[in-house]
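Overview (structure and organization)
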Amino acid sequence: MSIWFNKLSINDLKDSATNMDKHLEIEFYDIGPDYLCAKMPINEKTKQPFGLLHGGASCVLAESVASFAAALTLDLSKKIPVGLNLNANHIKSATEGYVYAKATPKHIGNSTSLWDIVVTNEAGEIVSTVVFTAFHKILK
């Protein structure tokens, strides 16, 4: 059973990246009945001064994919997701290629949702684990 408010395919999300996502070249590449995936290149925009993937860039990737996933569960004419909390643990460094984030829900309620995000490198090794909480703000 799908968690999404509307039936979607990855083609529906092709040009969905905005602002920060575009700047960091974040791209959605897979959607399933209960997950959303995005990838981000490791380049000069996403590295810290020592040549490693910046932890903040990993957090942007995680929050982007989870926020977008949260939005896809809502009727956006009535509610929008707003980030409440993000907790990240950086496990492994990365220096080249892409990192991949998969967001899956732990909880989807009326006023909040809680998302697990696993960020991996091209070898499938865990780079970061993130938990993101969204508040479902009612539009007036």
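Scroll up for the structure.
Anyway, here's the lowdown on the structure attached to this text.

A word on the overall build of the chain. A tally of helices and strands in the chain yields 2 helices and 6 strands. Listed N to C, the secondary structure of the chain is α-β-β-α-β-β-β-β in terms of helices and strands. By the compact-globule yardstick of 14 Å for 140 residues, the chain fits well, its C-alpha radius of gyration being 15 Å. Principal axes of the C-alpha set define a box for the chain whose edges measure 45 × 30 × 25 Å. Residue burial in the chain is summarised as follows: out of 140 residues, 37% are buried. For the chain, long-range pairs separated by at least 24 residues make up 59% of all intrachain contacts whose partners lie at least 6 apart in sequence. Split by element, the accessible area of the chain, about 7800 Å² in all, is 52% carbon and sulfur. Distance from the positive charge centre (13 side chains) to the negative charge centre (14 side chains) of the chain: 7 Å.

This brings us to the pattern of salt bridges. Tallied over the entire structure, the rule returns 3 salt bridges. Between Lys45 and Glu25 there is a salt bridge, and its shortest N-O distance comes to 3.3 Å. Here Glu25 lies in the loop between helix H1 (20-23) and strand E1 (27-32) and Lys45 lies in the loop between strand E2 (35-41) and helix H2 (55-72), a separation of 20 residues in the sequence. Overall, Glu25 belongs to the partly exposed group, its relative accessible area being 37%. The closest approach of N and O atoms between Lys106 and Asp116, which form a salt bridge, is 3.9 Å. Taken as a pair, Lys106 in strand E4 (residues 98-108) and Asp116 in strand E5 (residues 112-120) lie far apart in primary sequence, 10 residues in all.

The next thing to look at is H2. Residues three or four positions apart in an α-helix share a direction because the helix packs 3.6 residues into each turn. Over its 18 residues, H2 extends 26 Å from the first C-alpha to the last, a length consistent with the 26 Å expected when each residue adds 1.5 Å. Restricting attention to buried positions, one finds in H2 the residues Ala57, Ser58, Cys59, Leu61, Ala62, Ser64, Val65, Ala66, Ala69, Ala70, Ala71 and Leu72.

The strand order E1-E2-E4-E5-E6-E3 describes an open sheet built from 6 strands, whose pairing is antiparallel. With partners counted over all chains shown, the strands left at the sheet margins are E1 and strand E3 (79-90), one partner each. Neighbour-to-neighbour, the strand axes of this sheet turn through a mean angle of 25°, independent of strand direction. Across 6 bridges, the pairing between E2 and E4 is antiparallel. Note that in E4 the partner of Leu36 across the bridge is Ala103. Packed onto the sheet, H2 meets E1, E2, E3, E4, E5 and strand E6 (126-138) and runs at close to 150° relative to E2.

All told, the structure shown has 3 aromatic pairs when counted by the stated rule. Seen from their ring centres, Tyr29 and Tyr100 are 5.7 Å apart, and the 85° between their planes marks the pair as edge-to-face. Here Tyr29 is found in strand E1, whereas its partner Tyr100 is found in strand E4, with 71 residues between them in sequence. Given a relative accessible area of 34%, Tyr29 falls into the partly exposed group. On the accessibility criterion, Tyr100 (21% relative accessible area) is partly exposed. Feature note: the residues Tyr29, Tyr98 and Tyr100 constitute an aromatic cluster, connected by ring pairs. One cation-aromatic arrangement involves Lys39 over Tyr98; the distance from NZ or CZ to the ring centre is 4.8 Å. Seen from the ring of Tyr35, Lys102 lies directly overhead, with NZ or CZ sitting 4.4 Å from the centre.

Calculation rules
Residues numbered from 1 in each chain as written. Predicted model: local features only at pLDDT ≥ 70, side-chain atom pairs only at ≥ 80, totals over all residues. Heavy atoms only, no water. Helix = DSSP H or I, 4+ residues; strand = E, 2+ residues; numbered from the N terminus. Rg over C-alpha atoms; globule rule 2.2 N^0.38 Å. Buried < 20%, exposed > 50% of the residue type's maximum accessible area, 1.4 Å probe, protein only. Contact = heavy atoms within 4.5 Å. Areas by Shrake-Rupley, 256 points an atom, 1.4 Å probe, with all protein chains shown as cover. Lys, Arg positive; Asp, Glu negative; His and termini not counted. Charge placed at Lys NZ, Arg CZ, Asp CG, Glu CD. Salt bridge = Lys/Arg side-chain N within 4 Å of Asp/Glu carboxyl O. Expected span 1.5 Å × (residues − 1). Pairing = 2+ DSSP bridges. Axes fitted to C-alpha atoms, helices over the stretch in contact; angles between N-to-C directions. Phe/Tyr/Trp six-rings, centres within 6.5 Å; stacked < 30°, edge-to-face > 60°. Lys NZ or Arg CZ within 6 Å of the ring centre and 35° of its normal.

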